[in-house]
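# Structure assessment
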Amino acid sequence: MAEIYSVHFGVLNLGELPSEISEIGDDWETTFKSKRAKILTNLQRVVPDEASYRSKIVDRSNEGYSAFISTDHPSYDKIMLKRKVKMPARASDYLTNRDAAFAEGGDFEAGITANKGAFMNNVKVILRVVGDRDKVYGAIPKLSFALDGKKELLEEILNDTYDHLITSTDLKRFFVKKAFKTSVVAIANEALAYIVYAIDAGYDDTWITSNIANVYNPMLAAMINSNTVNSELDPTACSITIEKDATTGRWGLKLVEATPS
């Protein structure tokens with residue numbers, strides 16, 4: 001076999017994300033808050049009064065819960081009796097508290113603001129894997145370009161800080177069908193997201209190797225065979241792996257292409 005391309009795409013550090021990502025959280029908050037009046041209107045339409053509360057919330061809830069716990073439960077009768085006598089009495093409270101919660105500046109809007117930080121934490125994990133296409137490319141879109149054989153475009157967006165180009169003789173389309181590429185990208189994306197979460201949680205390389213890389217690498221390897229790989233390449237010598245690069249010190253994806261000898 002002859003190796004024609006080898007590259008490692010590293011995940012981004014938090015400080016490498018563009019400052020403009022704060023706009024994502026602002027847009028999320030604004031968008032959800034703008035739905036407040038519409039949500040309340042719909043709730044009021046479905047449950048306009050206490051009678052509707054009892055038929056559409058209490059009765060349906062009890063039917064569902066009854067099926068969930070089953071009559072075989074030793075305390076079935078007691079549990080259901082408690083629900084039947086207590087829930088209807090909450091009708092007035094439900095209507096009052098619901099309308100108050102969805103009033104401007106109420107609990108609905110306060111809850112959105114309170115959860116904005118948690119939302120952005122998840123967004124930052126995603127961006128450290130995929131990047132922000134307008135400003136910085138992450139490992140996943142680079143993998144996508146590589147699998148499509150787009151050598152010139154790929155090498156324009158590589159960054160020596162977190163990417164390591166090892167061999168650059170030639171780059172061919174990796175898979176024979178788009179579906180194979182889509183599956184591999186999805187597997188890699190999920191794995192790298194878990195790695196970023198693990199890094200942030202303080203897990204060391206040994207733990208990440210055992211619990212993430214060693215779980216996802218067999219999945220990736222299973223996608224590489226003579227039925228899936230471009231006939232110009234040698235499937236036994238090609239690979240896509242989750243690993244840490246010694247040069248950049250980054251966890252990420254390593255892609256190797258090789259042609260038959």
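If you're wondering where the values come from, they're calculated on a predicted model, not measured in any experiment.

## A few points about unusual backbone geometry
Even without being a glycine, Ser70 presents a positive backbone phi close to 70°. Along the chain, the position of Ser70 falls in the loop between α3 (50-69) and α4 (76-86). With a relative accessible area of 26%, Ser70 lands in the partly exposed category.

## Overview of the sheet that holds strand β5 (residues 239-244)
Strand order in this open sheet of four strands is β4-β1-β6-β5, and the pairing throughout is antiparallel. At either end of the open sheet lies a strand with only one pairing partner, and these are β4 (163-168) and β5. Adjacent strand axes in the sheet meet at a mean angle of 15° when their direction is disregarded. Where strand β1 (residues 2-10) and β4 come together, five bridges link them in antiparallel fashion. Looking at β4, one finds that Phe9 is bridged to Asp163. Against the sheet, helix α7 (residues 139-147) touches β1, β4, β5 and β6 (251-259), its axis set at about 5° to β6.

Reading guide: rules and limits
- Residues numbered from 1 in each chain as written.
- Predicted model: local features only at pLDDT ≥ 70, side-chain atom pairs only at ≥ 80, totals over all residues.
- Heavy atoms only, no water.
- Helix = DSSP H or I, 4+ residues; strand = E, 2+ residues; numbered from the N terminus.
- Buried < 20%, exposed > 50% of the residue type's maximum accessible area, 1.4 Å probe, protein only.
- Pairing = 2+ DSSP bridges.
- Axes fitted to C-alpha atoms, helices over the stretch in contact; angles between N-to-C directions.
- Contact = heavy atoms within 4.5 Å.

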